[in-house]
Amino acid sequence: MKTLKDFDFKDKKAIIRVDFNVPLDENFNVTDATRIEAAKPTIDAILAQGGSVILMSHLGRPKGVEDKYSLKHILEKTSEILNVPVKFASNCVGQEATSAATSLKAGEVLLLENLRFHKEEEEGDIAFAKELASLGDIYVNDAFGTAHRAHASTTIIAQFFQDKKCFGLLLTKEIESLNKVLKNSKKPVTAVLGGSKVSSKITVIENILDKVDHMIIGGGMTFTFVKALGGKIGDSICEDDKQELALEILKLAKEKGVQIHIPVDVVAANAFANDAKTQIVDVDKIPDGWQGLDAGPKSLENFKKVIMESKTILWNGPLGVFEMPNFANGTVELGNFIADATAHGAFSLVGGGDSVAAVKQFGLEDKVSYVSTGGGAMLEMLEGKVLPGIAAILD
Ligand code: AMP
C-alpha cells in the first residue's frame, strides 16, 4: 500500500483528489469546513517537502455548469485553512487549467473548478481522466467519501500514473482504521448497528457476522426482529417482508457463535413527534397506537455491559430517533459508553452518515478513536466490497 511517505515531492506537482463537497449557506459561505480541514495534513506534508499541489474535487450534483456549485465559493476558506493563497482555474481541464498547472511553483496550491461540471467525471471517461492526469506528476487520492465510485478523478485517472500514485494521509487513516475492525481486531469485537431499516444494513450484517463476537441491533431495525420472533410491536416501524431474513440472521449468528443483543425495552410514543406522550414498555408488548422510538433503560444497561467488555467497537446507525431530543437518550448514552470504553483502551470506529452526525452533535468526536469521513464508502467496505478508488491505487 503506497502512501505519502513512499515519495519525495520536492519540485513535483501532486494532483490530489480531495473531497471538498462542503455545505454552503445561501450566501455561499462554507458552514462546515471539516472536509477541507481533513485534507490539510496531506497538503501541508507535500508543500513542506517543496512540492506543489493541484486540488480537484466535486461539489454537489450540478447538471452541467451551475454557478451555485462553483468551487470558487470555497477558495477563500481553503486559503484561510491552508494558510497560503490558493490559485483557481475556472475549468478543471483545458487551456486555463494546463497553464495554471504548468506555472505552479514549489509551495503553491491550485484549486480546479468542480469536476462534475463535466459529465465525463461521473462517466469515468478515459480521455477526460487523461487530461486531468496531464496536470500533475504524482497522483494522490485523499477522498474516502468518493472511493466507492469509479469516476474519472477517483479511479480511472490512476492508470496514467503507474507507480507514481498513492493514498493521502486521510485515506490511509480510513483504511487502517477499518482494518483494525475487520482484519487485525482485538477481541472481543462488537458491532452496533442501528438506523431505520434492515434492508439497508443487511449486507453489512451478513459480512461482519464472521468478524464480530457481539452484535447490538437497535433503532428501527429492532422491530422487524421482534415481530419475526412473535412479539407485539404496536405501530413501530417494521419491514414485514424482511422478517424471514431477520430469523435467518439470528440462526446464522448462532451457528457462528455471535451473540446478538436486541433492545428488551423501549421508549414508546403515541405519535411520531417530539412532544408525543411516552411510556417505557417491553419491546415485545408495545400497545396498538404506540411506537418504539428509542431504546429503554434495561436495554441500555445490557448494551453498556457488552460495550465495556469490548476491545474493538464499530458503530453505525442511531439507537433511536435522535433528531428529536426526547428520543435521543439511547443514542447519547451509547455514545457515552463507547467513549468510556475507548478511554479504557478499546479501539472505536464510528461511521455512516447518521451516527457521525450524532457523535458530532453530542460532542463525542474526540472521545472515540476514529470518525470515518465516508458514509457510503464505509458501508461498502463493511459489506466486504473492494472499493474501485482504493483498488486503482493498489494496482
Ligand atoms: P439509517 O439512515 O438507516 O442509518 O437510519 C437513520 C435514521 O433512523 C435516523 O434518521 C433515525 O431517526 C431513524 N430511526 C432510528 N430509530 C428509529 C425508530 N425506532 N423508529 C423510526 N426511525 C428510527
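Everything numeric in this text was worked out from a predicted model, so none of it was measured.

Calculation rules
Residues numbered from 1 in each chain as written. Predicted model: local features only at pLDDT ≥ 70, side-chain atom pairs only at ≥ 80, totals over all residues. Heavy atoms only, no water. Buried < 20%, exposed > 50% of the residue type's maximum accessible area, 1.4 Å probe, protein only. Helix = DSSP H or I, 4+ residues; strand = E, 2+ residues; numbered from the N terminus. Contact = heavy atoms within 4.5 Å. Domains from an automatic or database assignment. Buried area = accessible area lost by both parts, 1.4 Å probe. UniProt positions renumbered as here; feature names shortened; annotations may be inferred. Polar contact = N/O pair within 3.5 Å; in protein donor to acceptor, adjacent residues only side chain to side chain. Expected span 1.5 Å × (residues − 1). Arc of directions from axis to C-beta.

The subject of this paragraph is helix 13 (residues 375–382). Of all the eight residues making up helix 13, six are buried; the element is thus mostly covered by neighbouring parts of the structure. Of the residues making up helix 13, those classed as buried are Ala377, Met378, Leu379, Glu380, Met381 and Leu382. Contacts from the buried residues of helix 13 go to helix 6 (169–182), helix 7 (198–208), strand 15 (312–316), strand 16 (347–350) and helix 14 (388–394). Count one or two residues on from helix 13 and you reach Gly384, which has phi positive near 90 degrees.

By the assigned domains, the chain splits into domain 1 (4–172) and domain 2 (185–382). Across the boundary between the two partners, domain 1 contributes seven residues, which contact 10 residues of domain 2. When domain 1 packs against domain 2, close to 670 Å² is buried across both sides, 61% of that on carbon and sulfur atoms. Interface area lost by domain 1 to domain 2 is led by Phe144, His148 and Leu170, which between them contribute 71%.

Look at the UniProt record and you will see "binding site: (2R)-3-phosphoglycerate" (unreviewed entry) annotated at Arg35, Arg116 and Arg149. For Arg35, the position within the fold is in helix 1 (residues 34–48). Arg35 has contacts with Asp19, Phe20, Asn21, Val22 and Thr373, leaving out every residue within four places of it along the chain. Within the structure, the side chain of Arg35 is placed 2.6 Å from the backbone oxygen of Asn21, a separation counted as a polar contact. Within the fold, Arg149 resides in the loop between strand 5 (138–141) and strand 6 (165–167). The residues contacting Arg149, other than those within four sequence positions of it, are Thr154, Thr155 and Pro388.

Between the first and last C-alpha of helix 10 (residues 297–309) there are 19 Å, a value that for 13 residues agrees with the 18 Å anticipated at 1.5 Å per step. Among the residues of helix 10, Ser299, Leu300, Phe303, Val306 and Ile307 are the ones counted as buried. Mapping the buried residues of helix 10 onto a view down its axis gives an arc of 125 degrees, with all of them on the same face. Exposed side chains of helix 10 directed beyond 90 degrees from the buried face belong to Lys298, Lys305 and Glu309.

Looking at where His148 falls in the secondary structure, it is placed in the loop between strand 5 and strand 6. Using a relative accessible area of 11% as the deciding quantity, one classes His148 as buried. A polar contact is formed between the side chain of His148 and the side chain of Arg149, at a distance of 3.5 Å. Excluding residues that lie within four positions of it along the chain, His148 makes contacts with Gly376, Ala377, Glu380, Leu387 and Pro388.

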